[in-house]
Amino acid sequence: MKTVIKKLKAFASREPFYQVRFVPTWLLLGFARLTVLLLPFARLAPYLGVSVASENAQHNIPNLSVALTTSDMQRAKQISRLVVNTARYCPWKANCFAQAIVARIWLGWYGLPYRLYFGLRRDDSSLKAHAWVCCSTIFVSGGNGFIHHSVVGCYGSKCDARIEANG
């Protein structure tokens, strides 16, 4: 009982942004996990964003060519904390792909540019997959996947894709 009270006090001390969006994010993580398990990637891919050419996705440092305002940067950090912390309270496995989908949803909701990366790395004799999301130079979910993974796919927000096409 003391643990529950302690957790409720900790939740009450969180910023209102987190408190209001915790339950929707928790539900979105469940929906994202279910979607990843039930749908083939080809059916899910169109909802991830616009496919970014592989030569443009290989940057070791995310560079979206979009100057974000201080409030946009703050919002991206809030979304990051929200998604990563909420995933800890899921009774299911809210893995990197589910977290990336939810981060992409929230970033899209607030009109922030993003890139959702898919990477692979060789671990002993097997391949390990990872998904992570960046908003400008902020790693919103999945941490800095560039360190240990080779990018094999990338999806960006529509404003990011327009910049790629015009740049």
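The structure under discussion appears in the preceding block.
The notes below deal with the structure included here. Every value quoted in this text rests on a predicted model; they were computed, and no experiment measured them.

**A look at the packing of helix 5 (residues 70-87) against helix 6 (residues 96-109)**
For any two helices packed against each other, one specifies the inter-axial angle together with the distance between the axes.
Consideration 1: The geometry of helix 5 relative to helix 6 is characterised by a closest axis approach of 10 Å and an angle of 145° between their N-to-C directions. The two elements helix 5 and helix 6 meet at a crossing, and its hand is right-handed. Touching Ala76, Ile79, Leu82, Val83, Val84 and Ala87 of helix 5 are Gln99, Val102, Ala103, Trp106 and Leu107, all from helix 6.
Consideration 2: Taken together, the residues of the contact of helix 5 with helix 6 break down into 10 nonpolar, 1 polar and no charged.

**Regarding the pattern of salt bridges**
Consideration 1: Scanning the entire structure with this criterion turns up 1 salt bridge.
Consideration 2: Two residues, Arg81 and Glu15, come together in a salt bridge whose shortest N-O distance is 3.4 Å. Taken together, the residues span a long stretch of sequence, with Arg81 in helix 5 and Glu15 in the loop between helix 1 (2-12) and helix 2 (16-38) at a distance of 66 residues.
Consideration 3: Judged by its relative accessible area of 34%, Arg81 is partly exposed.

**Focus: the sheet that holds strand 2 (residues 115-123)**
Consideration 1: As summarised here, the arrangement of the 5 strands in space is 1-5-2-3-4, forming an open sheet in which the pairing is antiparallel. Each edge of the open sheet carries a strand with a single partner, namely strand 1 (50-51) and strand 4 (138-141).
Consideration 2: Helix 5 contacts strand 3 (126-135) and strand 4 of the sheet and is inclined by roughly 30° relative to strand 4.

**Points about the pairing of strand 4**
Along any regular strand, the residues point their side chains to alternate faces of the sheet.
Consideration 1: Pairing of strand 3 with strand 4, which is carried by 3 bridges, proceeds in the antiparallel orientation. If you follow Cys134 over to strand 4, its bridge partner there is Phe139.
Consideration 2: The hairpin turn running from strand 3 into strand 4, its antiparallel successor, is 2 residues long, and Ser136 in that turn takes a positive phi close to 60°.

**Brief notes about the side chain of Thr86**
Consideration 1: Along the chain, Thr86 turns up in helix 5.
Consideration 2: By relative accessible area, which is 0% here, Thr86 ends up buried.
Consideration 3: Setting aside chain neighbours within four positions, we find Thr86 in contact with Tyr18, Phe22, Thr25, Trp26, Leu29 and Arg81.

**Quick look at unusual backbone geometry**
Apart from glycine, the bulk of residues carry a negative phi angle, and the bulk of peptide bonds sit in the trans form.
Consideration 1: In the Ramachandran plot, Asp124 falls in the positive-phi region, its phi being about 55° despite a non-glycine side chain.
Consideration 2: Among the secondary structure elements, Asp124 is positioned in the loop between strand 2 and strand 3.
Consideration 3: The backbone of Ser136 sits at a positive phi, close to 60°, despite the residue not being glycine.
Consideration 4: Relative to the assigned elements, Ser136 resides in the loop between strand 3 and strand 4.

**Examining the packing of helix 2 against helix 6**
Consideration 1: Packing of helix 2 against helix 6 brings their axes to within 8 Å, and their N-to-C directions diverge by 130°. Here helix 2 lies oblique to helix 6, going by the angle between them. In this structure, helix 2 crosses over helix 6, and the sense of that crossing is right-handed. In this structure, helix 2 uses Arg21, Pro24, Thr25, Leu28, Leu29, Ala32, Arg33 and Val36 to contact helix 6, whose residues at the interface are Phe97, Ala98, Gln99, Ile101, Val102, Ile105 and Trp106.
Consideration 2: Among the residues forming the contact of helix 2 with helix 6, the class breakdown is 11 nonpolar, 2 polar and 2 charged.

**A word on a nonpolar patch on the surface**
Consideration 1: Taken together, the side chains of Met1, Val4, Ile5 and Leu8 define a hydrophobic patch exposed on the protein surface, amounting to about 440 Å² of accessible area.
Consideration 2: Assessed through its relative accessible area of 75%, Met1 is described here as exposed.

**A short note on the nonpolar core**
Consideration 1: With 35 residues, the main nonpolar core has Leu48, Ile79, Phe97, Leu107, Val133 and Val140 as its most contacted residues.
Consideration 2: Residue assignment for this core shows that the elements contributing at least two residues are helix 2, helix 5, helix 6, strand 2, strand 3 and strand 4.
Consideration 3: Top element by residues in this core is helix 6. It accounts for 8 residues.
Consideration 4: In this view, Val133 contacts Ala100, Ala103, Leu107, Tyr114, Arg115, Leu116, Ile138, Phe139, Val140 and Ser141; residues no more than four positions away in its chain are not counted.
Consideration 5: Core analysis: the next-biggest nonpolar cluster, separate from the first, contains 7 residues, Val52, Cys134, Phe146 and Val151 among them.

Cut-offs used in this document
- The numbering scheme is per chain: residues are counted from 1 as the chain's sequence reads.
- The predicted nature of this model means local features are confined to residues of pLDDT at least 70 and side-chain atom pairs, given and counted, to a pLDDT of 80 or more, with totals for whole chains, interfaces and linings taken over all residues.
- Water and hydrogen atoms were dropped before computing side-chain values, which therefore reflect all heavy atoms in the structure.
- Think of each axis as a best-fit line through the C-alpha atoms, taken over the contacting stretch in the case of a helix, with angles from 0 to 180 degrees between the N-to-C directions.
- Strands here are runs of E lasting at least two residues and helices are runs of H or I lasting at least four, both read from the DSSP assignment and numbered beginning at the N terminus.
- In this scheme, a crossing is called left-handed if the near helix is turned counterclockwise away from the far one by less than a right angle; it is called right-handed if the turn is clockwise.
- Contacts are residue-level and defined by heavy atoms, with any inter-residue pair within 4.5 Å sufficient.
- Residue type decides the class: Asp, Glu, Lys and Arg count as charged, Ala, Val, Leu, Ile, Met, Phe, Trp, Tyr, Cys and Pro as nonpolar, and the leftover types, Gly among them, as polar.
- One side-chain nitrogen of Lys or Arg within 4 Å of one carboxyl oxygen of Asp or Glu is enough to make a salt bridge.
- The classification of residues rests on relative accessible area computed with a 1.4 Å probe and restricted to protein chains. Under 20% of the type maximum is buried, over 50% is exposed, and intermediate values are partly exposed.
- Any two strands between which DSSP finds at least two bridges are classified as paired.
- Oblique is the label for any angle not under 35 degrees, not over 145, and not in the 65 to 115 range, which are roughly parallel, roughly antiparallel and roughly perpendicular in turn.
- Patch building starts from residues that exceed 30% relative accessible area and form no salt bridge, then joins like charges within 9 Å and nonpolar side chains (Val, Leu, Ile, Met, Phe, Trp, Tyr) within 5 Å.
- The accessible surface values rely on the Shrake-Rupley method and a 1.4 Å probe; as for residues, cover is taken only from the protein chains in view.
- To form a nonpolar core, buried Ala, Val, Leu, Ile, Met, Phe, Trp, Tyr and Cys residues must be joined to one another through side-chain atoms within 4.5 Å.

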